[in-house]
Amino acid sequence: MRAALWAVIEKTLGRAENYDENGWLQIGINGHQPGVGENYISTGSLYLCSVAFLPLGLEESAPFWSLPEKPWTQRACFWLGQDMALDKALK
């Protein structure tokens, strides 16, 4: 999960094209893409993405940070062609 989350953070927050001339996030996934936004999305809605930073509040010893990195499901299956068990909800 950690690797997948970091990949999303880099793509959605790391490019200059994701911000307007005043430094505000723009609607889009990877750059300014207003066509992918729903009609209820506004600039304020974009900052809900800040929940991606919640893991920063976890201790270093938490499994999220301490487990070894491995490819997330979509990367392993789609990009690397690996077979693996389906993801399941946590109990």
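Heads up: these notes are all about the structure in this document. (Residues numbered from 1 in each chain as written. Predicted model: local features only at pLDDT ≥ 70, side-chain atom pairs only at ≥ 80, totals over all residues. Heavy atoms only, no water.)

1. Let's talk about the packing of aromatic side chains
Tallied over the entire structure, the rule returns one aromatic pair. Each ring, one from phenylalanine 64 and one from tryptophan 65, has its centre 5.0 Å from the other, and the planes form 85°; the classification is edge-to-face. (Phe/Tyr/Trp six-rings, centres within 6.5 Å; stacked < 30°, edge-to-face > 60°.)

2. Details of the environment of valine 8
Of note, valine 8 is situated in helix H1 (residues 2-13). In sequence terms valine 8 and glutamine 82 are 74 residues apart; their C-alpha atoms lie 21 Å from each other. (Helix = DSSP H or I, 4+ residues; strand = E, 2+ residues; numbered from the N terminus.)

3. A look at the nonpolar core
Membership of the largest hydrophobic core is limited to five residues, which are Leu5, Ile9, Leu13, Leu25 and Ala52. Dropping the residues within four chain positions of it, leucine 5 is found in contact with Ala52, Pro55 and Phe64. (Core = buried A, V, L, I, M, F, W, Y, C linked by side-chain atoms within 4.5 Å. Buried < 20%, exposed > 50% of the residue type's maximum accessible area, 1.4 Å probe, protein only. Contact = heavy atoms within 4.5 Å.)

4. Let's talk about H1
For H1, spanning twelve residues, the distance from its first C-alpha to its last is 16 Å, which sits close to the expected 16 Å at 1.5 Å a residue. Among all positions of H1, only Arg2, Ala3, Ala4, Leu5, Ile9 and Leu13 are buried. In the core, the buried residues of H1 are packed alongside helix H3 (63-66). (Expected span 1.5 Å × (residues − 1).)

5. Points about the side chain of asparagine 18
Position of asparagine 18 among the secondary structure elements: in the loop between H1 and helix H2 (43-46). Excluding anything up to four places from it in sequence, asparagine 18 contacts Lys11, Thr12, Leu13, Trp24, Leu25, Gln26, Asn30 and Gly31.

6. Things to note about the side chain of arginine 2
By secondary structure assignment, the location of arginine 2 is in helix H1. The residues contacting arginine 2, other than those within four sequence positions of it, are Phe64, Trp65, Ser66, Leu67, Pro68 and Glu69.

7. Structural notes on the pattern of salt bridges
Note that side chains of opposite charge can pair when their charged atoms are close. Per the counting criterion, the structure on display carries one salt bridge. With a closest N to O distance of 3.1 Å, glutamate 17 and arginine 15 form a salt bridge. Overall, the relative accessible area of 29% leaves arginine 15 in the partly exposed class. (Salt bridge = Lys/Arg side-chain N within 4 Å of Asp/Glu carboxyl O.)

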